Amino acid sequence: MSTISNAERARILVHALPYIQKYTGKIIVIKYGGNAMINEKLKDSVMRDIVLLSLIGVKPVLVHGGGPEITDMLKRVGKQTQFVDGLRVTDKETVDIVQMVLAGKINKSLVNLIQNKGGKSIGLSGMDGHMIEATVKDERLGFVGEITSVNVQPILDVIDKGYIPVVSTVGCDKEGNVYNINADTAAAKIAGELRAESLISMTDISGILKDKDDPETLIPKITLDEAPKLIEDGIISGGMLPKVECCTNAIKWGVNQVFIIDGTIPHSILIETLTDEGIGTMFVKE
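Residues numbered from 1 in each chain as written. Predicted model: local features only at pLDDT ≥ 70, side-chain atom pairs only at ≥ 80, totals over all residues. Heavy atoms only, no water.

**Re the overall build of the protein**
For the protein, the helix and strand inventory stands at ten helices and 14 strands. Since a compact globule built from 286 residues should have a radius of gyration of about 19 Å, the 19 Å found for the protein is in line with a globular shape. Here the C-alpha coordinates of the protein stretch approximately 60 × 45 × 35 Å along the principal axes. The 286 residues of the protein split such that 49% are buried. In the protein, 72% of the contacts between residues at least 6 apart in sequence involve partners at least 24 apart. Counting every atom, the protein has about 13800 Å² of accessible surface; 53% of that belongs to carbon and sulfur. When the 31 basic and 37 acidic side-chain charges of the protein are each reduced to a single mean position, those positions are 5 Å apart. (Helix = DSSP H or I, 4+ residues; strand = E, 2+ residues; numbered from the N terminus. Rg over C-alpha atoms; globule rule 2.2 N^0.38 Å. Buried < 20%, exposed > 50% of the residue type's maximum accessible area, 1.4 Å probe, protein only. Contact = heavy atoms within 4.5 Å. Areas by Shrake-Rupley, 256 points an atom, 1.4 Å probe, with all protein chains shown as cover. Lys, Arg positive; Asp, Glu negative; His and termini not counted. Charge placed at Lys NZ, Arg CZ, Asp CG, Glu CD.)

**With respect to the packing of helix H3 (residues 40-55) against helix H5 (residues 92-116)**
At a closest axis distance of 9 Å, the pairing of H3 and H5 adopts a crossing angle of 60°. Where H3 crosses over H5, the two elements pack in a sense that is right-handed. Contacts from Lys43, Met47, Ile50 and Val51 of H3 reach H5 at Leu110, Leu113 and Ile114. (Axes fitted to C-alpha atoms, helices over the stretch in contact; angles between N-to-C directions. Left-handed = near helix turned anticlockwise from the far one by under 90°.)

**Topic: the packing of helix H4 (residues 67-76) against H5**
As a packed pair, H4 and H5 sit with axes 10 Å apart at the nearest point and diverge in direction by 125°. Looking at the two axes, H4 sits oblique to H5. In the packing of H4 onto H5, the handedness of the crossing is right-handed. Contacts between H4 and H5 involve Glu69, Ile70, Met73 and Leu74 from the former and Thr94, Ile97, Val98, Met100, Val101, Leu102, Lys105 and Ile106 from the latter. Grouping the amino acids of the contact of H4 with H5 by side-chain chemistry returns nine nonpolar, one polar and two charged. (Parallel < 35°, antiparallel > 145°, perpendicular 65-115°, else oblique. Nonpolar A, V, L, I, M, F, W, Y, C, P; charged D, E, K, R; others polar.)

**Remarks on the pairing of strand S8 (residues 164-168)**
Among the five residues of S8, five are classified as buried, and the element is accordingly described as predominantly covered. As defined by bridge partners, strand S2 (residues 59-64) adjoins S8 across three bridges and the pair is classed as parallel. If you follow Val63 over to S8, its bridge partner there is Val167. (Pairing = 2+ DSSP bridges.)

**Here's the deal with H3**
For H3, spanning 16 residues, the distance from its first C-alpha to its last is 23 Å, which sits close to the expected 22 Å at 1.5 Å a residue. Here H3 has its buried residues at Leu42, Lys43, Ser45, Val46, Met47, Asp49, Ile50, Val51 and Leu53. Trailing H3 by a residue or two, Gly57 shows a phi angle of about 95°, which is positive. (Expected span 1.5 Å × (residues − 1).)

**Describing the environment of Pro18**
In this structure, Pro18 sits in helix H1 (residues 6-23). What makes Pro18 partly exposed here is its relative accessible area of 45%. Sequence separation between Pro18 and Thr275 is 257 residues; the distance between their C-alpha atoms is 9.3 Å.

**Considering the pattern of salt bridges**
For the coordinates displayed, the defined rule picks out 16 salt bridges. With a closest N to O distance of 3.4 Å, Lys79 and Glu93 form a salt bridge. Placement of Lys79 in the loop between H4 and strand S3 (83-84) and of Glu93 in helix H5 is noted, with a sequence separation of 14 residues between them. The exposure class of Glu93 is partly exposed, given its relative accessible area of 46%. (Salt bridge = Lys/Arg side-chain N within 4 Å of Asp/Glu carboxyl O.)

**A few points about the packing of aromatic side chains**
In the structure shown here, the tally under the stated rule is one aromatic pair. Residues Phe143 and Tyr179 carry aromatic rings whose centres are separated by 6.0 Å and whose planes lie at 45° to one another, so their mutual orientation is tilted. Highlighted residues: Phe143 in the loop between strand S6 (132-136) and strand S7 (145-150) and Tyr179 in strand S10 (residues 178-180), separated in sequence by 36 residues. We classify Phe143 as partly exposed; its relative accessible area is 21%. Lying over the aromatic face of Trp253, Lys189 brings its terminal NZ or CZ to 4.3 Å of the ring centre. (Phe/Tyr/Trp six-rings, centres within 6.5 Å; stacked < 30°, edge-to-face > 60°. Lys NZ or Arg CZ within 6 Å of the ring centre and 35° of its normal.)

**As for the sheet that holds strand S12 (residues 221-223)**
One open sheet accounts for eight strands, arranged S5-S8-S2-S1-S11-S13-S14-S12; its pairing is mixed. Of all strands in the sheet, those bounded by a partner on one side alone are strand S5 (121-125) and S12. Strand-to-strand twist in this sheet, taken as the mean axis angle between neighbours without regard to direction, amounts to 20°. Where strand S13 (residues 257-262) lies against strand S14 (residues 281-284), four bridges are found, and the strand directions are antiparallel. Across the sheet, residue Ile260 finds its bridge partner in S14, namely Thr281. The sheet strands contacting helix H6 (residues 153-160) are strand S1 (27-32), S2, S5 and S8, and the helix crosses S8 at an angle near 150°.

Rendered as structure tokens:
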């Protein structure tokens, strides 16, 4: 039996009202990947959050990667994965597998999960309607793409029909070559083009910490002016650097606010969007 009284439930709902009013009719882009994607229980809570947001009038757009599943499939077919500067070397055979896993298996399973929770969803890939056009990022990496343009019309069409778009991050060029696209970069570009109210980047950490070993040192808010100093001081370093670059770029491209949150906390999306406290680090213009 739940220990929350009816009065407490009512208080929680009333408390969420200003946030519901703030986000109703607005687009929120959610970048989804990492552990929150592998753990079935967490995946379930993420999909419930997304359905709930759509039912209260928010327009969620789910943008996903799938690195661990790609690695798993490459292992199954006996293909070695090589990395250069943290990026997967993607030859022709690998990019076929990337397309199959991202645009096929993962994308459709997420669509299915959202629908099982009572939502309406349509899966898209960056290749649909030439949504993500790309070119070779670095010859050494093969078919890893640098985004040249983003056409968000297919996403807007899906939203207008009342569906939740689920976008896999594979792109293409005018010659029809397929590219593996970094999901953080794709989500930031898509959110910018959509002029989204928020971009929520789900990671495996609680946000930006002054001391990486002490969760109590979470920095709740960072402006565009403050970010370079934090990089200079080494507070933002390593794997967080490209993520933070995507966050600050998204703001420059027209997103109102960007959150880095811990996707391993159940219902972290709702905690961030519908409560005073929030749980991650928020990036804003000023």
